Structures are given as C-alpha cells and as structure tokens.
Amino acid sequence: MDVEGLLRVRAARVRAEAEALQRYALRVAALRDLPWESLAADLFRARVTERSGQLAALSRRVEALAVDLDALATAVRAARQG
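Predicted, not measured: the structure shown is a model, and the values here were computed from it. (Residues numbered from 1 in each chain as written. Predicted model: local features only at pLDDT ≥ 70, side-chain atom pairs only at ≥ 80, totals over all residues. Heavy atoms only, no water.)

Q: How do you make sense of the nonpolar core when you look at a structure like this?
A: Core analysis: the largest hydrophobic core is formed by eight residues, namely Leu7, Ala11, Val14, Ala18, Val62, Ala66, Leu69 and Ala73. Looking at this core, the elements that each hand over two or more residues are helix 1 (3–29) and helix 2 (39–81). Excluding anything up to four places from it in sequence, valine 62 contacts Val14, Ala18 and Leu21. Grouped together as the second largest cluster of nonpolar side chains are five residues, Ala25, Val28, Leu55 and Ala56 included. (Core = buried A, V, L, I, M, F, W, Y, C linked by side-chain atoms within 4.5 Å. Buried < 20%, exposed > 50% of the residue type's maximum accessible area, 1.4 Å probe, protein only. Helix = DSSP H or I, 4+ residues; strand = E, 2+ residues; numbered from the N terminus. Contact = heavy atoms within 4.5 Å.)

Next comes the structure, spelled out in structure tokens:
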C-alpha cells in the first residue's frame, strides 16, 4: 500500500476511535441520572458532567486529527501527480 493509502487507513482508524470516545462520553454522561438527592449526589453529577465534557472534547480533537490525516493524504496524492 502506498503512503496515501496508509494515511487514509490510519485516518479511518483514528475516526473510529473518536466515535468510540464520543459513545463513551455519552455513557458517562448518563451516569448523572441518580435517583436520590444529596450533596454527595450533586457533587457526583457535577464531576460526571465535567468528565463527560472532557471526553466529548477529546473526541472532537481526535476527529480533527483524522481530518488532518485525510488532508495530508490528499496533499500526498497532489504532490505525486504533480
């Protein structure tokens, strides 16, 4: 496989990881739904919200990396056609 193909394969893998992170962020966010009210429950909900937001942000950064890899593959193709 040529460099362009390898970059596209890697971009697809990175994109899959971004999607997995997004799914995980949603599962973590779902943990906010506690059936009780207390200071501890409120603190837990706040922490879960913070962590799920961080995971979602990370998934967006990883997706951006996949986009960059695709752009690099396109640049490699253009350079080869030259």
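Okay, back to it.
Q: Help me understand the pattern of salt bridges, please; the structure alone is not making it clear to me.
A: A side chain of one charge can pair with a side chain of the opposite charge if their charged atoms are brought near each other. Inspection of the entire model under this criterion finds nine salt bridges. Arginine 15 is the salt-bridge partner of glutamate 63, the closest N and O atoms lying 3.1 Å from each other. One end of the pair, glutamate 63, is in helix 2; the other, arginine 15, is in helix 1, with 48 residues separating them in the sequence. Judged by its relative accessible area of 28%, glutamate 63 is partly exposed. The partly exposed category is assigned to arginine 15, whose relative accessible area is 23%. The salt bridge involving arginine 45 is made with aspartate 42; its shortest N-O contact spans 3.1 Å. Highlighted residues: arginine 45 and aspartate 42, both in helix 2, separated by three residues, approximately one helical turn. Given a relative accessible area of 16%, arginine 45 falls into the buried group. The exposure class of aspartate 42 is partly exposed, given its relative accessible area of 39%. Among the charged side chains, a network of salt bridges with common partners joins Glu4, Arg8, Arg15, Glu63, Asp70 and Arg77. (Salt bridge = Lys/Arg side-chain N within 4 Å of Asp/Glu carboxyl O.)

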